[in-house]
Amino acid sequence: MMDHAASGRKFHYSRCLSDNAVNKFKKMIPSLFASMPSINIMEGSCLNPTPYQIDHVVDSAVTSLRETLDSVAPLKKKLVIQRRLAPWYNLHVRTLKQASRRLERKWRSTNLEEIFLAWKNSLLTYKKALRKARTAYYSSLIEENKNNPRFLFSTVARLTKSHSSVEPSVPLALSSDEFMSFFTNKITTIRDKIQQMLPIPAINESFTTVALESSVGPQLCLDCFSPIDLSEFTSVVASSKSSTCLLDPIPTRLLKGTLPLMNSSLLDLVNLSLVSGYVPQAFKTAVIKPLLKKPSLDPGVLANYRPISNLPFISKILEKAVAKQLSDHLHRNELFEDFQSGFRAHHSTETALLKVTNDLLLASDNGLVSILVLLDLSAAFDTIDHNILLQRLEHVIGIRGTALKWFQSYLSDRFQFVHVHDEPSTRTKVSYGVPQGSVLGPILFTLYMLPLGYIIRKHSINYHCYADDTQLYLSIKPVNTNQLTRLQACLTDIKAWMTSNFLLLNSEKTEVIIFGPKNLRNNFSKIIATLDGIALASSTTAKNLGVIFDQDMSFNSHIKQISRTAFFHLRNISKIRNILSQNDAEKLVHAFVSSRLDYCNSLLSGCPNILIKSLQLIQNAAARVLTGTSKRDHISPILASLHWLPVKYRIEFKILLLTYKSLHNQAPSYLKDLIVPYYPNRPLRSQSAGLLVVPRVLKSRMGGRAFSYQAPLLWNQLSAWVQEADTLCTFKARLKTFLFDKAYS
């Protein structure tokens, strides 16, 4: 059993944060902040500090923290002789191995039987200890990263020696400057391409701009950001991830551990920015991490990476404080787009797809043919025009005064650099876009896209958005092909609006798919070969927010894809099952298999049993891998012992959970509108039973699968004990008990 082997040498910078060093650092903090310059925002003379003063205060704090840490735990350059040393190979295991080797040498020199037996017993003890240490190591690794599928995937790949599935790293041939040049040139090229498309035919500005601006009155304005108190600041810091940025003066874990000693000083820095309307320059520099778009792509090609911004920890806390007050303003004044499900509480890809699927199924139930257009944008987050965004914040959202001044500061004078292979690139100025990986970036993008909904509604086209993914769908009678001109006109206006807002619609990746009976689909395909330059999808399927849609709305292709992926992971888990405890193996099963069975499984409600059976076979195989059960053994007792609901009941659980949320204002408005409480025309005993109206449908395979039908149908079958749960947590527990009894009784 090989434990280690020399494989190379390299220099590495590291610091030793021992308990002694941390204690020294804590002792130095009070005097450190006492000697730093500060601005008291409560003093009348300093209500309007200059940007220079604010930058000086923040830079002094950052520099002092970094220098203090360096003094107690300096970064040291070490020559690391890289060995393939097993990380679980601890001192105890090493001692047992040394004792075993001594006995082996003694036996070979003496050939005594008692020495041979002692050596064999010692070797057995060593191997048991090694196996136990390895299991403990991977157990802690899985526990720490149970919510990080990418890390778990690469860990399993290493254990199974599945080189094709190991998470790729950035090749040494690609330098940080090459990445920086590529990312910068890509955005410049897109902007130049859009500039060449201008001027464009004017769209109806009176409907988009004027209507939007008139919707915001003075009473809806957000003039300034309020300072946050210490309890809110502490709560935000504690709930934030402990990841550390290269620009952070001290590791985030150390900051959290010493927060009580410096929280008031750090709070002053955050509030100073909120009150003054100025974002310190130190908070506006981002480290870019190139992230491969898909694990299957070639890591040697620059175009296969997307830039992810990593910002200093305190700047994220500042952004969270702003995001909360901005979101409160948007909710208070109902300024959110109803059909935008990205980055919003109680919204998800599943709720978005459930609404779209519901509409498509009901249209098909009524004999209509539907056309779904999935729009794709090129680098949407990175091409946003700052001037247009600021105008939208002011005139559409009602951001004024120092609050608007804060956003102007936030978007101006931003810099970024790429850091790979321990080498930084040259810093470049960010003139466009919002940072991917920031807190405010996604919210600002959705606000930037706000007028798009007005344009689509003008043409009476159904639509739904999730961040930069926009889908349009139109349902018409087979004989009314002339209605397609509405979709054509809508796409023309969308392209015009996007061009004028420096967004580039990628026609090559935009897909069109037709739903309905096969003969009607073929007729439509002949009538419309393209829609405003967008070719009809040659395939009969299209991937929509991670779910594969097919023209029959059967989700057969999606289920086959789940099966292939799930069984791939199960085979890998089975290879390492013997070194994992059942608890750790179950975490891997949930991360790789159960998560796929549950993702958007509400769309499968009412599907034929033969399709659900395909998913049930996956869950059965997962249970057998986990428990080591033979194929001949009956599976129901095994699933029950694991407290797993069968796939059919997991789908019902999701539908009922969304129904409960819809009835208790914890779901999107577009789902709440699909559920109607039952109120009889005359006094009946059922009027207080909490029932819902079950709508009439024509086809069980179409309308009978829609959420608006399945939700009330399943809800009315629940016992009152479950329906009347007063909290979501209580409802989940009671619902699982109810469905568990139903499945295994």
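Parameters at a glance
- Residues numbered from 1 in each chain as written.
- Predicted model: local features only at pLDDT ≥ 70, side-chain atom pairs only at ≥ 80, totals over all residues.
- Heavy atoms only, no water.
- Helix = DSSP H or I, 4+ residues; strand = E, 2+ residues; numbered from the N terminus.
- Buried < 20%, exposed > 50% of the residue type's maximum accessible area, 1.4 Å probe, protein only.
- Contact = heavy atoms within 4.5 Å.
- Areas by Shrake-Rupley, 256 points an atom, 1.4 Å probe, with all protein chains shown as cover.
- Phe/Tyr/Trp six-rings, centres within 6.5 Å; stacked < 30°, edge-to-face > 60°.
- Lys NZ or Arg CZ within 6 Å of the ring centre and 35° of its normal.
- pLDDT = per-residue confidence, 0-100.
- Axes fitted to C-alpha atoms, helices over the stretch in contact; angles between N-to-C directions.
- Parallel < 35°, antiparallel > 145°, perpendicular 65-115°, else oblique.
- Nonpolar A, V, L, I, M, F, W, Y, C, P; charged D, E, K, R; others polar.
- Pairing = 2+ DSSP bridges.
- Salt bridge = Lys/Arg side-chain N within 4 Å of Asp/Glu carboxyl O.
- Core = buried A, V, L, I, M, F, W, Y, C linked by side-chain atoms within 4.5 Å.
- Polar contact = N/O pair within 3.5 Å; in protein donor to acceptor, adjacent residues only side chain to side chain.
- Patch = residues over 30% accessible without salt bridge, like charges linked within 9 Å, V, L, I, M, F, W, Y side chains within 5 Å.
- Lys, Arg positive; Asp, Glu negative; His and termini not counted.
- Charge placed at Lys NZ, Arg CZ, Asp CG, Glu CD.

- The name that an unreviewed UniProt entry assigns to the protein chain is Reverse transcriptase domain-containing protein, with the source organism given as Mastacembelus armatus.

**Digging into the overall build of the protein chain**
- Across its full length, the protein chain holds 27 helices and 15 strands.
- Counting the 745 residues in the protein chain, one finds 49% classified as buried.
- A separation of at least 24 residues holds for 75% of the contacts in the protein chain among residues at least 6 apart in sequence.
- Surface summary for the protein chain: the accessible area is close to 36,700 Å², and the carbon and sulfur share equals 53%.

**Digging into the packing of aromatic side chains**
- In the structure shown here, the tally under the stated rule is 22 aromatic pairs.
- Feature note: the residues Phe179, Phe182, Phe183 and Tyr305 constitute an aromatic cluster, connected by ring pairs.
- Over the ring of Phe502 we find Arg191; its NZ or CZ atom is 4.0 Å from the centre of that ring.
- Looking at Arg414, its charged tip hangs above the ring of Tyr410, at a distance of 4.6 Å from the centre.

**Here's the deal with the confidence of the model for the protein chain**
- Averaged over every residue, the pLDDT of the protein chain is 87; residues scoring 70 or more account for 89%.
- Confidence, expressed as mean pLDDT per element, reaches its minimum in the protein chain at helix α7 (residues 205–214) with 45 and its maximum at helix α23 (residues 647–663) with 97.
- Here residues 1–8 scores under 50 on pLDDT; set against residues more than four positions off or in separate chains, the count is 21 contacts.
- Confidence drops under pLDDT 50 across residues 202–211; counting only partners more than four residues distant or on other chains, this segment forms 10 contacts.

**Focus on the side chain of Gln619**
- Following the sequence through the fold, Gln619 ends up in helix α21 (residues 609–627).
- On the accessibility criterion, Gln619 (2% relative accessible area) is buried.
- Not counting residues up to four positions away in its chain, the partners in contact with Gln619 are Leu597, Leu639, Trp644, Leu645, Pro646, Val647 and Arg650.

**Some words on the packing of helix α20 (residues 582–598) against α21**
- The interhelical angle for the contact between α20 and α21, taken along N-to-C directions, is 170°, at an axis separation of 10 Å. Between α20 and α21, the crossing angle belongs to the class labelled roughly antiparallel. Residues Gln582, Ala585, Glu586, Val589, Val593 and Leu597 of α20 pack against Leu615, Ile618, Gln619, Ala622, Leu626 and Thr627 of α21.
- In terms of residue class, the contact of α20 with α21 is made up of 8 nonpolar, 3 polar and 1 charged.

**Description of unusual backbone geometry**
- If you check the backbone angles, His421 has positive phi at about 55° while not being a glycine.
- Its place among the elements puts His421 in the loop between β6 (414–420) and β7 (423–424).
- For His421, a relative accessible area of 34% puts it in the partly exposed group.
- A positive phi angle, close to 50°, is found at Leu545, a residue other than glycine.
- With respect to the helices and strands, the residue Leu545 is situated in the loop between β14 (541–544) and β15 (547–550).
- Among the residues examined, Leu545 registers a relative accessible area of 17% and is labelled buried.

**Brief notes about the pairing of strand β10 (residues 469–476)**
- Among the 8 residues that make up β10, 6 are buried, leaving the element largely enclosed by the rest of the structure.
- Note: strand β5 (residues 369–375) against β10, 7 bridges, orientation antiparallel. Pairing of Leu374 across the sheet is with Gln471, part of β10.
- The sheet contact formed by strand β9 (residues 462–466) and β10 spans 5 bridges and is antiparallel. Its bridge partner being in β10, Tyr466 is matched across the sheet by Asp469.
- The antiparallel hairpin formed by β9 and β10 contains 2 residues in its connecting segment, where Ala467 sits at a positive phi of about 55°.

**Quick notes on the pattern of salt bridges**
- A complete count under the given rule lists 12 salt bridges for this structure.
- For the salt bridge of Asp328 with Lys324, the shortest nitrogen-to-oxygen distance reads 3.3 Å. Of this pair, Asp328 and Lys324 both sit in helix α11 (residues 313–332), 4 residues apart, which is roughly one turn of that helix.
- For Lys324, a relative accessible area of 44% puts it in the partly exposed group.

**Things to note about the nonpolar core**
- Among the nonpolar cores identified, the biggest contains 104 residues, and Leu393, Phe407 and Leu472 are the most heavily contacted of them.
- With 9 residues, α11 is the single largest residue contributor to this core.
- Residues in contact with Leu472, not counting those within four places in the same chain, are Ile371, Leu372, Val373, Leu375, Ile456, Ile461, Asn462, Tyr463, Leu487, Cys490, Leu491 and Ile494.
- Among the nonpolar cores identified, the runner-up in size contains 91 residues, and Phe549, Val589, Leu604 and Ile638 belong to it.

**Side note on the environment of Thr730**
- With respect to the secondary-structure elements, Thr730 resides in helix α27 (residues 728–744).
- Taking the relative accessible area as the measure of exposure, Thr730 reaches 24% and is therefore partly exposed.
- Side chain to side chain, Thr730 and Thr727 meet in a polar contact 2.7 Å long.

**Remarks on the sheet that holds β10**
- Spatially, the 4 strands line up as an open sheet ordered β9-β10-β5-β11, and their pairing is antiparallel. Every interior strand has two partners, whereas the edge strands, β9 and β11 (511–515), have only one. When the angles between neighbouring strand axes are averaged without regard to direction, this sheet yields 15°.
- Packed onto the sheet, helix α12 (residues 349–365) meets β5, β9, β10 and β11 and runs at close to 15° relative to β10.
- Across the sheet, helix α17 (residues 484–500) is in contact with β5 and β10; its angle to β10 comes to roughly 160°.

**A word on the side chain of Asp359**
- When you line up the elements, Asp359 lands in helix α12.
- You can call Asp359 buried: its relative accessible area is 17%.
- Here Tyr473 takes part through its side chain, which lies 2.6 Å from a polar atom of the side chain of Asp359.

**Focus on helix α15 (residues 440–448)**
- The element α15 is extensively covered by neighbouring structure, given that 9 of its 9 residues are classed as buried.
- Taken together, the buried positions of α15 are occupied by Leu440, Gly441, Pro442, Ile443, Leu444, Phe445, Thr446, Leu447 and Tyr448.
- Turning to α15, the residues buried within the fold contact α11, α13 (386–397), α14 (401–411), α16 (451–458) and α17.

**So, the pairing of β15**
- Burial of β15 is two-sided: the residues Val547 and Phe549 facing one way and the residues Ile548 and Asp550 facing the other way are all buried.
- Sheet topology places β14 next to β15; 4 bridges connect them, and they run antiparallel. Considered in β15, the bridge of Thr541 is made with Asp550.

**Here we look at a positive patch on the surface**
- A cluster of basic side chains, namely Lys293, Lys294, Arg306, Lys509 and Lys543, defines a positive patch on the protein surface.
- With respect to the helices and strands, the residue Lys509 is situated in the loop between α17 and β11.

**So, the environment of Leu152**
- Secondary-structure assignment places Leu152 in helix α5 (residues 149–160).
- Among the residues examined, Leu152 registers a relative accessible area of 2% and is labelled buried.
- Spatially, the C-alpha atom of Leu152 lies 6.9 Å from that of Ile142, the residues being 10 residues apart in sequence.
- Ignoring anything within four residues of it in the chain, the contact list for Leu152 reads Ile142, Asn145, Lys146, Leu588, Ala591 and Phe592.

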